[in-house]
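So you can see what is in the structure, the chains are spelled out below.
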Amino acid sequence: MTEQTPAIDGRQFRNVLGQFCTGITVITALDPEGQPIGFACQSFAALSLDPPLVLFCPTKGSRSWAAIEAAGKFCVNVLAEEQQPTCARFGSREPDKFAGVSWHTSDLGVPVLADSLATIECTVDSVVDGGDHYIVIGRVRSLAESATTNGRPLLFYRGQYTGIEPDKTTPAPWRADLDHFLTTTSLDTWL
């Protein structure tokens, strides 16, 4: 017996899920001709510590994703609060999203955006169907925090850019119980 899924209004779906604040990344790669490509992405998450895996979810119709899949490797650039213009550029239909954006090619051969809070270089490990999106699992090959940017992350909440409170730029002290939670695997561990 098949259970019927109730119809969900698309606008309500976006509004409700908009209550969950997300960070913003730009996923970059080089296309088969060696040209840099990329897109703004909110659907990024850590997946596994051992092996080190991350995931992101591009739309099935994304031309950038098709080129990234062909390349087999990509970089996740975690955007800083002051990179709103970069996010807007990579979220647009501009033919050259890298115009005016400072970047370099890493040792893995992927574009790394300057001034990002962090970069995570990956190879495509697997791709899973996810409705109108794909779930791309990347195996982490290299990662770094910015040596020059000590800012706050660019966030998206309720359909607009936002940030964290100005006096909240220092992380909370590390807690032993959190360390235990993150390093102990059990049936109810989510990370």
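For the structure, check the block above.
Now for a description of the structure that goes with this document. (Residues numbered from 1 in each chain as written. Predicted model: local features only at pLDDT ≥ 70, side-chain atom pairs only at ≥ 80, totals over all residues. Heavy atoms only, no water.)

## Focus on the side chain of Thr123
Move 1: When you line up the elements, Thr123 lands in strand 9 (residues 118-130).
Move 2: Using a relative accessible area of 19% as the deciding quantity, one classes Thr123 as buried.
Move 3: A polar contact is formed between the side chain of Thr123 and the side chain of Arg141, at a distance of 3.0 Å.
Move 4: When sequence neighbours within four positions are dropped, the list of residues in contact with Thr123 reads Gly72, Lys73, Phe74, Ile137, Gly138, Arg139 and Arg141. (Helix = DSSP H or I, 4+ residues; strand = E, 2+ residues; numbered from the N terminus. Buried < 20%, exposed > 50% of the residue type's maximum accessible area, 1.4 Å probe, protein only. Polar contact = N/O pair within 3.5 Å; in protein donor to acceptor, adjacent residues only side chain to side chain. Contact = heavy atoms within 4.5 Å.)

## Some remarks on the side chain of Thr22
Move 1: Considering the arrangement of structural elements, one finds Thr22 in strand 1 (residues 22-23).
Move 2: Looking at Thr22, its side chain comes within polar contact range of the side chain of Gln42, at 2.9 Å.
Move 3: For Thr22, the contacting residues outside a window of four places in its chain are Gln42, Leu154, Leu155 and Phe156.

## Here's the deal with the nonpolar core
Move 1: With 16 residues, the main nonpolar core has Ile27, Phe39, Phe56, Ile68, Phe74, Ile120 and Cys122 as its most contacted residues.
Move 2: Listed by contribution, the elements that provide at least two residues to this core are strand 2 (25-30), strand 3 (36-41), strand 5 (53-56), helix 2 (63-71), strand 6 (73-78), strand 9 and strand 10 (133-145).
Move 3: Residues contacting Ile68, with those up to four places away along its chain left out, are Ile27, Ala29, Ile37, Phe39, Lys73 and Phe74.
Move 4: With 9 residues, the next largest nonpolar core counts Ile24, Val101, Leu113 and Leu154 among its residues. (Core = buried A, V, L, I, M, F, W, Y, C linked by side-chain atoms within 4.5 Å.)

## With respect to the sheet that holds strand 11 (residues 155-157)
As a general point, the strands of a sheet are linked pairwise by backbone hydrogen bonds and lie either parallel or antiparallel.
Move 1: Spatially, the 3 strands line up as an open sheet ordered 1-11-12, and their pairing is antiparallel. Every other strand in the sheet has two partners, leaving strand 1 and strand 12 (160-162) as the edge strands with one partner each. (Pairing = 2+ DSSP bridges.)

## Some thoughts on the pairing of strand 5
Move 1: Neither face of strand 5 is exposed, since Leu53 and Leu55 on one face and Val54 and Phe56 on the opposite face are all buried.
Move 2: Relative to strand 5, strand 4 (residues 44-48) runs antiparallel, the two being bridged by 4 bridges. Counted as the bridge partner of Ala45 is Leu55 from strand 5.
Move 3: Connecting strand 4 to the next strand, strand 5, in antiparallel fashion are 4 residues.
Move 4: With 4 bridges connecting them, strand 5 and strand 10 associate as antiparallel partners. Paired with Leu53 across the strands is Arg139, a residue of strand 10.

## Let's talk about helix 2
Move 1: Those residues of helix 2 not exposed but buried are Ser64, Trp65, Ala67 and Ile68. Angularly, the buried residues of helix 2 cover 160 degrees about the axis, an arc narrow enough to put them on a single face. Away from its buried face by more than 90 degrees, helix 2 exposes Arg63 and Ala70.
Move 2: As for helix 2, its buried residues are in contact with strand 2, strand 3, strand 5, strand 6, strand 9 and strand 10.
Move 3: Trailing helix 2 by a residue or two, Gly72 shows a phi angle of about 80 degrees, which is positive. (Arc of directions from axis to C-beta.)

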